[in-house]
Amino acid sequence: MGVQGLTTYIEGKRHLFQDLKFRDSRLIIDGCSLYFRLYFSHGLDQQHGGDYDVFTSLLNDFLSALAGCNIQPYVVLDGGIDPSDKKFDTLRQRLQSKIKEADKISHRLNGSVLPILTRDVFIQVLHQKGVPLVQCPAEADWEIACLAHQWNCPVLTNDSDFYIFNLPGGYLPFNFFEWTTLKGKASQRYISARWYNTSSLCGLFGGINPELLPLCAVLTGNDYGAPKETETLLSQFDGNLFRGKGRASSSRFEVFLLWLSSFRNVSEAVNELTYLAGEVGGRGKRGQKSELASKLWAGVQEYRITSPSSLDRWFSRDKVAPGRQASGLSQLPECLLLASAQGRLAPMVVDAFVMCRVLLIPQVENSKLASSHCSSRAIRQAIYGVLLQGHQDGLAQGSGGGAQGSGQGMRGVRGGGGRGQGHILPHIQAAAVQAQGFSTPVSVEEYDRLELNLKKNQVEALLPRNHIHLDGLGLAPVALRLSVLLEVLGVKVANLAAVPLHLQLAVAVTGFWFREAIPKPSQQQMQALVLGMVYGELSWNNQPDANHHPHAVPQVTWAPEHRVWVALDQQRVRPGERRGMDVGAAHCFSQWQACLWSALCLNQLLLQPVPDPYLPWLFSGTLVHGLFRYLKGGQAAESLLSGGSLSGQLYSSLLDAVRMCSSKPNPSSSGSGRMRRGRGRGRGRGRGRGRGRGGGRGAQGGGSSVEAISNKFALLMSAEDSDDNDWE
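Note that the structure is a prediction, hence the values are computed from the model and not measured.

Trainee: Would you mind going over the overall build of the protein with me for this structure?
Mentor: Helix and strand counts for the protein stand at 24 helices and 14 strands. Relative to its full complement of 728 residues, the protein shows a buried share of 58%. Summed over its atoms, the accessible surface of the protein is roughly 28,400 Å², and 49% of this surface lies on carbon and sulfur atoms.

Trainee: Would you take a moment to explain the pairing of strand β2 (residues 25–30) for this structure?
Mentor: The two faces of the sheet receive side chains in turn, since in a regular strand these alternate between them. Where β2 meets strand β3 (residues 71–77), six bridges bridge the pair, whose relative direction is parallel. Opposite I29, over in β3, you have V75 as the bridge partner. The pairing of β2 with strand β5 (residues 155–157) spans two bridges and is parallel. Along β5, the bridge assignment pairs I29 with L156.

Trainee: Is there a simple way to explain helix α6 (residues 141–151) in this structure?
Mentor: Each full turn of the α-helix corresponds to 3.6 residues, which orients residues three or four apart in the same direction. A large share of α6 lies buried, amounting to nine of its eleven residues. Listed in full, the buried residues belonging to α6 are D141, W142, E143, I144, A145, C146, L147, A148 and W151. Considering only its buried residues, α6 is in contact with β2, β3, β5 and α13 (310–316). In the stretch just after α6, N152 is the one whose phi turns positive, near 55°.

Trainee: What am I meant to see in the packing of aromatic side chains here?
Mentor: The geometry of an aromatic ring pair is captured by the separation of the ring centres together with the interplanar angle, meaning the angle of the planes. Inspection of the entire model under this criterion finds 29 aromatic pairs. Here the aromatic rings of W151 and F315 are separated by 6.0 Å at their centres, their planes lie at 50°, and the arrangement is tilted. With W151 in helix α6 and F315 in helix α13, the pair connects residues that are 164 residues apart, well separated along the chain. Exposure class is identical for W151 and F315. Each is buried.

Trainee: How should helix α18 (residues 504–516) be read in this particular structure?
Mentor: Across its 13 residues, α18 extends 18 Å between first and last C-alpha, which sits within 8% of the 18 Å expected from 1.5 Å per residue. Summarising burial for α18: 13 of the 13 residues are buried, a large majority.

Trainee: I tried to follow the packing of helix α8 (residues 213–220) against helix α12 (residues 291–301) on my own but got confused; where do I start?
Mentor: Relative placement of two packed helices is described by the angle separating their axes and the distance separating the axes. Running from N to C, α8 and α12 point in directions that differ by 120°, and their axes come no closer than 8 Å. Classified by the angle between their axes, α8 and α12 sit oblique to one another. Both α8 and α12 take part in a crossing whose hand is right-handed. Residues P214, L215, V218 and L219 of α8 lie in contact with α12, whose contacting residues are L296, G299 and V300. Across the contact of α8 with α12, the residue classes break down as six nonpolar, one polar and no charged.

Trainee: I keep staring at the sheet that holds strand β1 (residues 18–22) and nothing clicks. Help me out?
Mentor: Working definition: the strands of a sheet are paired by backbone hydrogen bonds and lie parallel or antiparallel to each other. Across the sheet, three strands lie side by side as β1-β8-β7; this open sheet has antiparallel pairing. The open sheet has two edge strands with one neighbour each: β1 and β7 (178–183). On average, each strand axis in the sheet is inclined to that of its neighbour by 40°, with strand direction left out of account. Pairing geometry for β1 and strand β8 (residues 190–195), over five bridges, is antiparallel. By the bridge assignment, L20 is partnered in β8 with A193. Contacting β7 and β8, helix α3 (residues 52–68) runs over the sheet at an angle of about 40° to β7.

Trainee: Is there a simple way to think about the sheet that holds strand β9 (residues 357–359) in this case?
Mentor: Spatially, three strands are ordered β9-β13-β14 in an open sheet, and the strand pairing comes out mixed. The sheet is open, and its two edges are formed by β9 and β14 (453–460), each paired on a single side. Ignoring strand direction, the axes of neighbouring strands in this sheet form an average angle of 25°. As defined by bridge partners, β9 adjoins strand β13 (residues 443–450) across three bridges and the pair is classed as parallel. From the neighbouring strand, V358 faces β13, where its bridge partner is E446. Docked against the sheet, helix α4 (residues 88–106) engages β9, β13 and β14, running at close to 110° with respect to β14.

Trainee: Could you clarify how one ought to interpret the side chain of S371 in this entry?
Mentor: Along the chain, the position of S371 falls in the loop between β9 and α16 (377–388). For S371, a relative accessible area of 3% corresponds to the buried category. Among residues more than four places away in sequence, those in contact with S371 are E365, D448 and R449.

Trainee: Explain the nonpolar core here, please?
Mentor: Within soluble globular proteins, side chains that are nonpolar generally end up buried alongside one another. Core analysis: the largest hydrophobic core is formed by 200 residues, its most contacted members being F62, F122, F177, L215, L489 and L605. A per-element tally of this core places helix α21 (residues 583–605) first, with twelve residues.

Trainee: Help me understand the pairing of β3 in this model?
Mentor: Along β3, six of the seven residues are buried, which leaves the element largely enclosed by surrounding structure. Bridging between β3 and strand β4 (residues 133–135) involves three bridges; their strand directions are parallel. Counterpart to L77 in the pairing with β4 is Q135.

Trainee: Just checking my understanding: could you explain the environment of Q570 for this structure?
Mentor: With respect to the helices and strands, Q570 occurs in the loop between α20 (559–569) and α21. A relative accessible area of 55% places Q570 in the exposed class. Through-space distance from the C-alpha of Q570 to that of L623 is 8.4 Å; in sequence the pair is 53 residues apart.

Trainee: I tried to follow the pattern of salt bridges on my own but got confused; where do I start?
Mentor: As a working rule, side chains carrying opposite charge can pair if their charged atoms are close by. Considering all chains together, one arrives at 19 salt bridges under this definition. The partner of D24 in a salt bridge is R23, with the nearest N and O atoms 1.9 Å apart. With its nearest N and O atoms 2.5 Å apart, the salt bridge here joins E139 to K87. Of this pair, E139 sits in the loop between β4 and α6 while K87 is found in the loop between β3 and α4, placing the two residues 52 residues apart along the sequence. For E139, a relative accessible area of 11% puts it in the buried group. Connected via shared salt-bridge partners are D51, D53, D569, R572 and R574.

Trainee: Please explain unusual backbone geometry as it appears in this structure.
Mentor: Leave glycine aside and you will find that most residues have negative phi; peptide bonds, for their part, are mostly trans. For the bond from S307 to P308, the omega torsion is 0°, close enough to zero to count as cis. Assignment of secondary structure puts P308 in the loop between α12 and α13. Between I518 and P519 the backbone carries a cis peptide bond, its omega angle lying at 0°. In this structure, R108 is a non-glycine residue whose phi angle is positive, near 65°. Its place among the elements puts R108 in the loop between α4 and α5 (118–129).

Trainee: Is there a simple way to explain the layout of surface pockets in this structure?
Mentor: Any empty space left between the atoms is revealed when a probe the size of a water molecule rolls over them. Each pocket or cavity is described by its volume, and for the largest pocket that value is around 1,400 Å³. Surrounding the largest pocket, 41 residues form its lining, C32, Y35, F36, D78 and L91 being those nearest its centre. Residue assignment for the lining of the largest pocket shows that the elements contributing at least two residues are α2 (31–41), α4, α5, α15 (347–355), β9 and α21. Sort the elements by how many residues they give to the lining of the largest pocket and α2 lands first, with six residues. For the lining of the largest pocket, the class distribution of residues is 24 nonpolar, seven polar and ten charged. What the second largest pocket holds in volume is close to 720 Å³. Lining the second largest pocket are 28 residues, with D45, Q47, H48, V573 and T622 sitting closest to its centre. Per element, the largest residue contribution to the lining of the second largest pocket is five residues, and it comes from helix α22 (residues 621–632).

Thresholds applied
Residues numbered from 1 in each chain as written. Predicted model: local features only at pLDDT ≥ 70, side-chain atom pairs only at ≥ 80, totals over all residues. Heavy atoms only, no water. Helix = DSSP H or I, 4+ residues; strand = E, 2+ residues; numbered from the N terminus. Buried < 20%, exposed > 50% of the residue type's maximum accessible area, 1.4 Å probe, protein only. Areas by Shrake-Rupley, 256 points an atom, 1.4 Å probe, with all protein chains shown as cover. Pairing = 2+ DSSP bridges. Contact = heavy atoms within 4.5 Å. Phe/Tyr/Trp six-rings, centres within 6.5 Å; stacked < 30°, edge-to-face > 60°. Expected span 1.5 Å × (residues − 1). Axes fitted to C-alpha atoms, helices over the stretch in contact; angles between N-to-C directions. Parallel < 35°, antiparallel > 145°, perpendicular 65-115°, else oblique. Left-handed = near helix turned anticlockwise from the far one by under 90°. Nonpolar A, V, L, I, M, F, W, Y, C, P; charged D, E, K, R; others polar. Core = buried A, V, L, I, M, F, W, Y, C linked by side-chain atoms within 4.5 Å. Salt bridge = Lys/Arg side-chain N within 4 Å of Asp/Glu carboxyl O. 1 Å grid on protein atoms, 1.4 Å probe; cavity = no way out; pocket = protein on both sides within 12 Å on 5 of 7 lines; lining within 4 Å. Points joined across faces, edges and corners; volume = space filled by probe spheres on them.

Right, here's the structure in full:
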């Protein structure tokens, strides 16, 4: 993110920062920077699919540190792809890079690949803790800057664009935010930080007008690229400095800033730049701005702060979803607009609706096999079907190619300045708005891995047989929304009768994965995942803020279940183990995570007819890999559950349910059949066939026996003398 080389340049100049004892303040946090920073700077697992429980503990520590200093966080998250498409080439390059890094990690080499569910875990924890958050329609940095300017409070991020935004409350780089060690007396705790304001950088260059900093960023090169004329201009500014290859890009920034310091404003500088580039006066034949001048002015506008901020209304008053009219989301139902702003609608869903394009997250897997996302394609096809069927009213028809169908439709209107604003949206397929349910095939552009290369695939949108209209989603009964979800997963309500409500989606997904994954998962891999769920229940119910059930159920001591917890935890793959990574197992469990990720997206689109599972305690990669290794060595799963009656009962019930969900649906059963392109027109191709309808009464709880088991877990820690010493 940000301006090339700028972080290195500025952070190398200590005098540009002020030391700050930070406390008693609002703090606007770049959410994406936060979860990346927490995960990568603390050496958390990447090889085995991620340790979400350890990440959750770290995030809780961070939030506790803020609370201890009376700092009120407001978290702002990126949403979908920038609809202007200016950044798409950069995004593709990053995705290609992450594919190669994931392959390196699978060979025990260095790399950085964020586990696929990290963002979802992050959002769940913030909701649980009551931390205010918002998910923007597209990129968030401009929205963050506008809010920070209005509130006059600092921003915490690692995005070098914030060395350019002129913010009175300043910028706190993560690199100098020492939250792990609070200082000061108990009543005056503070976090040591370094504070930056553009005035210090401008002073270094003779008091340059801060409005010229955005122009310098555009010339140096940011996420939107740099004008191709930049190299020619550089040679005229300093013919010697950049002759050798390998010069730091920060030098580019300094040269441009030195040159710009001689101008009073942006207009003067742009006119001179266009003159030097051979476009005298910056004007074309008919008095229009030259191409270079237009690019420069457009780039500068990306840093133009407007007031009032749309996020202020979200955080302070009416909970109006930000940027809806200018983002292409205005045609989503109000219930989905609200869910998106709350972070309860995945950016993938937004991208599919607005752009008909999805970038799939690379995972650590066997690069010689098909991408792990192939196993969950049928789920995404259903998402695309629900989103794009019959949504035709009010769309302007455009010209152009690149997508299946007769042309491109466009969503959105022109808006004000700022990133993700003021653009007519491209890439909407006219086929997607056929009134009669996909009489022409509709597809979404998916970018996924093929071996070690990024490949574009046209993935057909398929309608579930249990038809549900997007426009009527908010009024659709829970039973109907649940039937769509279960049809896509090929699961019947009866299969989940004995499963606690908060684990029903995870169990259904595990059954789907066992059917669809290629190569076929083993029984030991299935058992390892279920044991991981049991471990998560034990861990979750031991948390200080766990929701304990007050109902009278037979009291049991915690000690036997704690011994089970210890026995399971001892199987973790530990850092530094000499034994090599099992790439086959990693690929298999990556397929499971891909299925769960897609199912979470579908469940959120359907307004959660079943609750999302609590992800922090659902899957831990080092634990599940270790459990699989234990079972593969010939040990029985039950040997780890000895003495824990509740753990044993829960394991048996979950495993039975997964096995029922993993059986092939009967195509001839009532309500079963293939997903379809439209209202009886044609049949779906490829995967996604034969999904059971699975009607039922809606998101009801499971059978009383195992629900009681789950309740008993919650009561364990409320029993007298819960053997706290056993945890030491």
